[in-house]
Amino acid sequence: MYNILVCDDDKEIVEAIEIYLTKEGYNILKAYNGEQALDIVGKNEIHLIILDIMMPKVNGIQVASKIREDKGIPIIMLSAKSEDYDKINGLNTGADDYITKPFNPLELIARVNSQIRRYTHLGSLIKDEQENLYKTGDLKINDATKEVFVEGKKIKLTPTEYNILKFLTKNKGKVFSINQIYENVWEDEAYGAENIIAVHIRHIREKIEINTKEPKYLKVIWGIGYKIENISE
């Protein structure tokens, strides 16, 4: 059974999410402020965090940033419709996705299932390691160990960044639209994916490119989408 931490200072929202996700077979741990959330993460094995942005004392963005210092747990941020800046800020601190309140329960369940599916796949064992090596130039991905190297240096990515980079590298040379990237990586219908993908792409570039203004690997094709350059050794 997967453990999901739900943190929101509105107890009714926490209880509603608990009802929805318990029916899906998940075990729910509850927190009502950022300090409680960090304490629970430190003492339990957590597979996903649903985290409200606006909370007193320690807000959701601060919590996400702290968790990202040493953990790759998927994080879905909860935000009000008026908090567009905070949504982007949340993604910048390492959140994987966000849901706008009030949310549709079916959308919440779909987003949660997608994150859990990708996170558990990320940690699964792959028997034939050689078949799961992807590379272009000096960028190498070992999908058996979930490691990324650029010019021999190990690069630390979040689970979502890793999955986007792997998808593009497996299909190096091909251009994919934002919606195509979202649908292939999230395994779900793209809905308002522009900001989510753009922020993750920027983070990946900052980590794998020597010069982000003149990227060697991750290229934008204006008006169309993104691709990983096919570089021969």
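Details of the structure are given in the entry above.
Just so you know, these numbers come straight off a predicted model, no measurement behind them.

Participant: What is the right way to look at the packing of aromatic side chains in this model?
Facilitator: Two measures describe an aromatic ring pair: the distance that separates the ring centres and the angle between the ring planes. Using the criterion set out here, one finds two aromatic pairs in the structure. The interplanar angle of 55° and the centroid separation of 4.6 Å between the aromatic rings of Phe167 and Phe176 together place this pair among those described as tilted. Of note, Lys11 hangs over the ring of Tyr32, and the distance from its end group to the ring centre comes to 5.0 Å.

Participant: Where do I start with a negative patch on the surface in this structure?
Facilitator: On the surface, a cluster of negative charge is made up of Asp9, Asp10, Glu12 and Glu15. Among the secondary structure elements, Glu12 is positioned in helix H1 (residues 11-22).

Participant: It is not clear to me how the sheet that holds strand E3 (residues 48-52) should be interpreted in this structure. Could you clarify?
Facilitator: Sheet strands associate in pairs through backbone hydrogen bonding, adopting either a parallel or an antiparallel arrangement. Overall, parallel pairing links the five strands, which are arranged E2-E1-E3-E4-E5 in an open sheet. Sheet topology places strand E2 (27-31) and strand E5 (97-101) at the edges, where each strand pairs with a single neighbour. Neighbouring strand axes in the sheet, compared pairwise and without regard to direction, differ in orientation by 20° on average. Bridging between strand E1 (residues 3-7) and E3 involves four bridges; their strand directions are parallel. Residue pairing in the sheet places Val6 in a bridge with Ile50 of E3.

Participant: Help me understand the pattern of salt bridges in this model?
Facilitator: Side-chain pairs of opposite charge can arise whenever the charged atoms involved come near each other. Tallied over the entire structure, the rule returns 16 salt bridges. Sharing partners across several salt bridges, the network here consists of Asp8, Asp52 and Lys101.

Participant: Honestly, the packing of helix H7 (residues 178-186) against helix H8 (residues 194-208) in this entry has me stumped. Any pointers?
Facilitator: A packed helix pair is summarised by two numbers, namely the angle formed by the two axes and the spacing between the axes. H8 packs onto H7 with a crossing angle of 85° between their chain directions and a minimal axis gap of 10 Å. It follows that H7 is roughly perpendicular to H8 by the angle criterion. Contacts between H7 and H8 pair Ile178, Ile181, Tyr182 and Trp186 from the former with Glu194, Ile196, Ile197 and His200 from the latter. Residue composition of the contact of H7 with H8, by class: six nonpolar, one polar and one charged.

Participant: Before we go on, may I ask you to explain helix H3 (residues 60-67) in this structure?
Facilitator: Since there are 3.6 residues in each turn of an α-helix, residues three or four apart along the chain are aligned in direction. Of the residues making up H3, those classed as buried are Gly60, Ile61, Val63, Ala64 and Ile67. Along H3, the residues classed as buried sweep out an arc of 160° about the axis, all on the same side. Measuring from the backbone nitrogen of Ile61 back to the side-chain oxygen at the start of H3 gives 3.1 Å, which picks out Asn59 as the cap.

Participant: What is the right way to look at the pairing of E3 in this model?
Facilitator: Looking down a regular strand, the side chains alternate between one sheet face and the other. With five of its five residues buried, E3 lies for the most part within the structure. Here E3 shows a buried face lined by Leu48, Ile50 and Asp52 and a second buried face lined by Ile49 and Leu51. Bridge analysis of E3 against strand E4 (residues 75-80) gives four bridges, and the strand direction is parallel. Bridge pairing links Leu51 to Met77 in E4. Each parallel crossover has a hand, and the one from E3 via H3 to E4 is right-handed.

Participant: What is the right way to look at the side chain of Asp97 in this model?
Facilitator: Structurally, Asp97 can be placed in strand E5. Taking the relative accessible area as the measure of exposure, Asp97 reaches 0% and is therefore buried. Discounting residues that sit within four places of it in the chain, Asp97 has contacts with Ile75, Ile76, Met77, Leu91, Arg111, Gln115, Tyr182, Trp186 and Ile196.

Participant: Even after reading the chapter, I still don't get the side chain of Ser114, so can you show me in this structure?
Facilitator: Summarising the element assignment, Ser114 is placed in helix H5 (residues 105-122). Overall, Ser114 belongs to the buried group, its relative accessible area being 1%. Engagement of the side chain of Ser114 in a polar contact is seen with the backbone oxygen of Trp186, the distance being 2.4 Å.

Participant: Which parts of the structure should I look at to understand the environment of Asn92?
Facilitator: Structurally, Asn92 can be placed in helix H4 (residues 84-92). On the accessibility criterion, Asn92 (31% relative accessible area) is partly exposed. When the C-alpha positions of Asn92 and Arg202 are compared, they lie 9.3 Å apart, and in sequence the two are 110 residues distant. Setting aside chain neighbours within four positions, we find Asn92 in contact with Val199, Arg202 and His203.

Rules used in this analysis
Residues numbered from 1 in each chain as written. Predicted model: local features only at pLDDT ≥ 70, side-chain atom pairs only at ≥ 80, totals over all residues. Heavy atoms only, no water. Phe/Tyr/Trp six-rings, centres within 6.5 Å; stacked < 30°, edge-to-face > 60°. Lys NZ or Arg CZ within 6 Å of the ring centre and 35° of its normal. Patch = residues over 30% accessible without salt bridge, like charges linked within 9 Å, V, L, I, M, F, W, Y side chains within 5 Å. Areas by Shrake-Rupley, 256 points an atom, 1.4 Å probe, with all protein chains shown as cover. Salt bridge = Lys/Arg side-chain N within 4 Å of Asp/Glu carboxyl O. Lys, Arg positive; Asp, Glu negative; His and termini not counted. Charge placed at Lys NZ, Arg CZ, Asp CG, Glu CD. Helix = DSSP H or I, 4+ residues; strand = E, 2+ residues; numbered from the N terminus. Pairing = 2+ DSSP bridges. Axes fitted to C-alpha atoms, helices over the stretch in contact; angles between N-to-C directions. Parallel < 35°, antiparallel > 145°, perpendicular 65-115°, else oblique. Contact = heavy atoms within 4.5 Å. Nonpolar A, V, L, I, M, F, W, Y, C, P; charged D, E, K, R; others polar. Buried < 20%, exposed > 50% of the residue type's maximum accessible area, 1.4 Å probe, protein only. Arc of directions from axis to C-beta. Polar contact = N/O pair within 3.5 Å; in protein donor to acceptor, adjacent residues only side chain to side chain. Right-handed = clockwise from strand over helix to strand, strands pointing away.

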